[in-house]
Every structure is written in structure tokens, then in C-alpha cells.
Amino acid sequence: MPPGRHWDCSKNFEITSRSCDRQRGVLGSAINLLSSRGDGMSKAKTGVVVMAMLGVMATLAVAAGASEWELVGYAGPLRFVYVDPAHMKDASLLAHIVGEVYSKFGKDHAMEIDFFDSRAAVPQNIPFTQEQRRHQKGKFNFNPKTGLQRFVRLDLVPDPNDATKLRIKETEEKLPLP
């Protein structure tokens, strides 16, 4: 390709001006790089290949982010969130989830965000069943009137009064909230 000629991916034809060089972005850069290889691949084919690669990368990025957590549902002031068990201990991810829930539902009303480590055990309504409680690994309470922002991790531990039963142990933890 002669110097000074660039691919304008927004108009799908070659131009000689360098004015759009800064605006063509990653796709235009990739098209110019691949089309300068001299193997006879047309710019149209190169553009299709690059767009397909970018689409796959975007899909993988979305899928990777979505696999870590998902807002599954809500009932009244309760928000039910699935968090991949491998990420359940990640305080920065939990803080990010709280921020996302704030942005979706606002901070005008009190709410509780319940974190579950099994998507199948996330409740669709209340009260929670015993099986659902076994998979509830944390909860975040927010009350704008009192300023309360409290996160507790929930663990099942043996009941000290009856070794055949389990009880829920709450451990308060600070989340790095914005």
C-alpha cells in the first residue's frame, strides 16, 4: 500500500487523507496491518476477518465477566445474586457487584443483596428454603436513612448446643466500596 493511503472502515473505501487516521481505531489499524502483508487478501476480506476476530474477543470478554456473577432476581428489597464459587472470596468483585446493583436500583431505598454460590439454589421468592440457605454465602445490607452499609459472610458451622445441627455464622467484613 502506498504511503499516505489508509483504509476508512466507516466508509469502506480507501482515502488519501491522514485526517481520519486518528479516528479509524483498532479495526482500521488491523485492516491496514493485515492488508499490507502482500498476500493478495483484499481489504474487504481482511475487514471481515478482523471484524470476526473482534466479535469473538468481545463475546469472550462478555462471557468471562458474566460467568463471575449474575443478578438473578429480586423480591421486594432483596436482590439475589449468583457469584461463581471461585470468586466468592473476592471482596473487590463483591464491592463491584454492590455498585452495579446500586446503579440498577438506586440508593433511595433500603435493600439487601444476597450472594449465592449455586445458580440453581438462588431463590425466586421468599422465605428461603434450607437448601437455599446452604448456598447463601454472604449478604450486604444498605439503608440510606441510617447510613448502614454492612457486608457479612455466611458460613455453616456446627451448632454448639447440638452437634447434629448446623447454624449460620455471620462474619462482618468491610468491602472496598466506592
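Refer to the structure printed above.
The text that follows walks through the structure, step by step, so that each part is easy to find. The structure presented is a predicted model; accordingly, all values stated were derived computationally and were not measured.

Scoring rules and cut-offs
Residues numbered from 1 in each chain as written. Predicted model: local features only at pLDDT ≥ 70, side-chain atom pairs only at ≥ 80, totals over all residues. Heavy atoms only, no water. Helix = DSSP H or I, 4+ residues; strand = E, 2+ residues; numbered from the N terminus. Buried < 20%, exposed > 50% of the residue type's maximum accessible area, 1.4 Å probe, protein only. Contact = heavy atoms within 4.5 Å. Areas by Shrake-Rupley, 256 points an atom, 1.4 Å probe, with all protein chains shown as cover. Patch = residues over 30% accessible without salt bridge, like charges linked within 9 Å, V, L, I, M, F, W, Y side chains within 5 Å. Salt bridge = Lys/Arg side-chain N within 4 Å of Asp/Glu carboxyl O. Core = buried A, V, L, I, M, F, W, Y, C linked by side-chain atoms within 4.5 Å. Lys, Arg positive; Asp, Glu negative; His and termini not counted. Polar contact = N/O pair within 3.5 Å; in protein donor to acceptor, adjacent residues only side chain to side chain. Pairing = 2+ DSSP bridges. Axes fitted to C-alpha atoms, helices over the stretch in contact; angles between N-to-C directions. Right-handed = clockwise from strand over helix to strand, strands pointing away.

1. Description of the overall build of the protein chain
Logical step 1: The helix and strand inventory of the protein chain stands at four helices and eight strands.
Logical step 2: Counting across all 178 residues of the protein chain, residues that qualify as buried make up 34%.
Logical step 3: Put simply, 42% of the contacts in the protein chain that link residues at least 6 apart link residues at least 24 apart.
Logical step 4: For the protein chain, the accessible area works out to roughly 11000 Å², and carbon and sulfur atoms hold 56% of it.

2. Description of a nonpolar patch on the surface
Logical step 1: Side chains of Leu156, Leu166 and Ile168 sit close together on the surface and give an oily, nonpolar patch of about 250 Å² of accessible area.
Logical step 2: On the secondary structure map, Leu156 appears in strand E7 (residues 148-159).

3. Here's the deal with the nonpolar core
Logical step 1: By size, the foremost hydrophobic cluster in this structure holds 19 residues, and its most contacted members are Val83, Ile97, Ile113, Phe115, Phe140 and Leu175.
Logical step 2: For this core, the secondary-structure elements that each account for two or more residues are strand E4 (78-83), helix H3 (91-105), strand E5 (111-116) and strand E6 (136-143).
Logical step 3: For this core, the element with the most residues is H3, which contributes eight residues.
Logical step 4: Once you skip the residues sitting within four places of it in the chain, Val83 turns out to touch Glu68, Trp69, Met88, Leu93, Leu94, Ile97, Phe115, Phe116 and Asp117.

4. A word on the side chain of Asp114
Logical step 1: On the secondary structure map, Asp114 appears in strand E5.
Logical step 2: Nearest to the buried, unbridged Asp114 among oppositely charged side chains is Arg133, at 5.8 Å.
Logical step 3: Among the polar contacts made by the side chain of Asp114, one reaches the side chain of Gln136 at a distance of 2.7 Å.

5. Some details on the sheet that holds E7
Logical step 1: If you trace the six strands from one edge of the open sheet to the other, you get E3-E4-E5-E6-E7-E8, paired in mixed fashion. For this open sheet the edge positions go to strand E3 (69-75) and strand E8 (162-173), each flanked by a neighbour on one side alone. Averaged over neighbouring strand pairs, the angle between their axes works out to 20 degrees when direction is ignored.
Logical step 2: Pairing analysis gives five bridges linking E4 to E5, with the strands arranged parallel. The partner of Arg79 across the bridge, within E5, is Ile113.
Logical step 3: In the packing of H3 onto the sheet, contacts are made with E3, E4, E5, E6, E7 and E8, and the angle to E5 comes to roughly 135 degrees.

6. Quick word on the pairing of E4
Logical step 1: For E4, a buried count of six out of six residues is recorded, marking the element as mostly surrounded by other parts of the structure.
Logical step 2: In E4, alternate side chains face the same way, and those of Leu78, Phe80 and Tyr82 on one face and Arg79, Val81 and Val83 on the other are all buried.
Logical step 3: Sheet topology note: the E3/E4 ladder contains six bridges and is antiparallel. What sits directly across from Trp69, in E4, is Val83.
Logical step 4: Between the end of E3 and the start of E4, which pair antiparallel, lie two residues, with Gly76 showing a positive phi angle near 60 degrees.
Logical step 5: Handedness of the crossover joining E4 and E5 through H3 is recorded here as right-handed.

7. A short note on unusual backbone geometry
As a rule of thumb, non-glycine residues mostly have phi less than zero, and peptide bonds are mostly trans rather than cis.
Logical step 1: A cis geometry characterises the amide bond from Ile126 onward to Pro127, with omega recorded as 5 degrees.
Logical step 2: Considering the arrangement of structural elements, one finds Pro127 in the loop between E5 and helix H4 (130-135).

8. Let's talk about the pattern of salt bridges
Logical step 1: Going through the model one piece at a time under the given rule, you end up with six salt bridges.
Logical step 2: Linking Glu170 and Lys139 is a salt bridge whose minimum nitrogen-to-oxygen distance equals 3.4 Å. One end of the pair, Glu170, is in strand E8; the other, Lys139, is in strand E6, with 31 residues separating them in the sequence.
Logical step 3: The shortest N-O distance in the salt bridge between Arg150 and Glu170 comes to 3.8 Å. A residue pair is termed long-range when its members are at least 10 positions apart, and Arg150 in strand E7 and Glu170 in strand E8 qualify at 20 residues.
Logical step 4: Given a relative accessible area of 27%, Arg150 falls into the partly exposed group.
Logical step 5: Note on Glu170: relative accessible area 41%, which makes it partly exposed.

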